[in-house]
Each structure stands twice: as structure tokens, then as C-alpha cells.
Amino acid sequence: MIYSGREFRWMKIKNGRLHLAVVNLNIQKNGTGDKIIENYPEGKICNNSIDVGINGFEDWKIALKAGLKFAASFSQDFWTITINEVSGKPFMDTNPTIVGYTGILAFIEQTNVVISNEIIQEIEEFVYSSWYNGNKKKIPDFNELIFK
């Protein structure tokens, strides 16, 4: 991964399944409105991991932006968020909802924006449900806790 920003890794085992994603973001306050900049590299596969590149994994990218928009909505400030890289293991460990949730946690860590533990717990349970009923390829709506 590129280390120009801050790398954040979320990994948890639940119900016998590993949940894993890594995001690398630069986040800065701005005075005009929330802005998400996608700065993906070419992308590569190594050691059964995939670094998401410019092309492909659109569902992961959309879910990450959804998670970041959700997290930013809890702030009174405006943010410029640059996505440098995303990685995971799509064949067994990573799906769009996990990537979006990892983005939420990375945003909270870098900005100190507060989202209640109750809300985070609800979202995490939602993440665990993302492997069932065909939801693993669907895009999460973190506001409504539904898959689209």
C-alpha cells in the first residue's frame, strides 16, 4: 500500500468468518463542503490480497464512499477525503459492506468525530449480516441499514 496517508485496518472474526479490509485515506478539513477524491493506483494482487486499482471493484468503491459520507454526516465540519488505496481478500474475507464500515472507522479515528457506540454496534452487526442472503455483493445503506 501507499503510505502517503493513514492506513487503517479492520479485522474481526465472527461466526467463523474473518472480516477484513484495509483503507488508506488522507482527510483534511475544508470550508466549502464534503468532497471525496478517488486516488486509486493501478491495483495489484499479491499473497491472495487485492489492492483495488483504478479499474474494477466498483462495488467496494461505492460502498467505501457510502461509509465515508455516512461518517462525515456526524460532523459539523466539512472534509476533503482522499482515498489512496483499499485492499482486502475478496474470495473469502472482504465485501463492499466491510470496506464501507472500515472507511467509517478510519474516518472516526482520523477526525475524532464522535458516533455513539450504540450506532457503531448496530452497524457492526449489519456488517456481519452482509455474508448472508446474497448480500455480499450488494451496496450497504448505512443510514437505513439495508442492502441495495
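Just so it is clear, the model here is predicted, and its values are computed rather than measured.

## Some remarks on the overall build of the protein
- Regarding its fold elements, the protein presents three helices and eight strands.
- The order of α-helices and β-strands along the protein, N terminus first, is β-β-β-β-β-α-β-α-α-β-β.
- Its C-alpha radius of gyration of 14 Å places the protein within 12% of the 15 Å reference for a compact globule of 148 residues.
- Each principal axis of the C-alpha distribution contributes one length, and for the protein these read about 40 × 35 × 25 Å.
- A burial count over the protein gives 49% of its 148 residues as buried.
- Accessible surface computed for the protein: about 7,800 Å², of which carbon and sulfur atoms make up 49%.
- Both charge centroids of the protein, one from 16 positive and one from 17 negative side chains, sit 4 Å from each other.

## A closer look at the nonpolar core
- Ranked by internal contacts, the top residues of the largest apolar core, which has 36 residues, are Trp10, Leu25, Leu64, Val86, Ile104 and Phe107.
- Elements with a contribution of two residues or more to this core: strand 1 (6-14), strand 2 (17-30), helix 1 (58-72), strand 6 (78-88), helix 2 (96-111) and helix 3 (117-128).
- If one sorts the elements of this core by residue count, helix 2 sits on top with eight residues.

## Quick notes on the pattern of salt bridges
- Counted according to the given criterion, the structure contains six salt bridges.
- Across the salt bridge formed by Glu38 and Lys65, the nearest N and O atoms sit 3.4 Å from each other. A residue pair is termed long-range when its members are at least 10 positions apart, and Glu38 in strand 3 (residues 35-38) and Lys65 in helix 1 qualify at 27 residues.
- What makes Glu38 partly exposed here is its relative accessible area of 38%.
- The residue Lys61 makes a salt bridge to Glu58 at a minimum N-O spacing of 3.3 Å.

## Quick notes on helix 2
- Its 16 residues place the ends of helix 2 23 Å apart at the C-alpha level, agreeing with the 22 Å of an ideal helix rising 1.5 Å per residue.
- Counting buried positions over the 16 residues of helix 2 gives 15, a clear majority of the element.
- Capping of helix 2 at its N-terminal end is provided by Asn95; its side-chain oxygen lies 3.0 Å from the backbone amide nitrogen of Thr97.
- Directly after helix 2, the chain includes Asn112, whose backbone phi takes a positive value near 65°.

## Notes on the environment of Glu144
- Inspection of the secondary structure puts Glu144 in the loop between strand 7 (140-141) and strand 8 (146-147).
- Residue class for Glu144 comes out exposed when judged on its relative accessible area of 56%.
- Along the chain, Glu144 and Trp10 lie 134 residues apart, while their C-alpha atoms are 22 Å from each other.

## Thoughts on unusual backbone geometry
- Positive phi values are uncommon outside glycine, yet Asn133 reaches one of about 55°.
- By the secondary structure assignment, Asn133 is in the loop between helix 3 and strand 7.
- Its relative accessible area of 73% is what places Asn133 among the exposed residues.
- The backbone phi angle of Leu145 is positive, close to 55°, even though this residue is not glycine.
- Secondary-structure assignment places Leu145 in the loop between strand 7 and strand 8.
- The exposure class of Leu145 is partly exposed, given its relative accessible area of 26%.

About the cut-offs
Residues numbered from 1 in each chain as written. Predicted model: local features only at pLDDT ≥ 70, side-chain atom pairs only at ≥ 80, totals over all residues. Heavy atoms only, no water. Helix = DSSP H or I, 4+ residues; strand = E, 2+ residues; numbered from the N terminus. Rg over C-alpha atoms; globule rule 2.2 N^0.38 Å. Buried < 20%, exposed > 50% of the residue type's maximum accessible area, 1.4 Å probe, protein only. Areas by Shrake-Rupley, 256 points an atom, 1.4 Å probe, with all protein chains shown as cover. Lys, Arg positive; Asp, Glu negative; His and termini not counted. Charge placed at Lys NZ, Arg CZ, Asp CG, Glu CD. Core = buried A, V, L, I, M, F, W, Y, C linked by side-chain atoms within 4.5 Å. Salt bridge = Lys/Arg side-chain N within 4 Å of Asp/Glu carboxyl O. Expected span 1.5 Å × (residues − 1). Polar contact = N/O pair within 3.5 Å; in protein donor to acceptor, adjacent residues only side chain to side chain.

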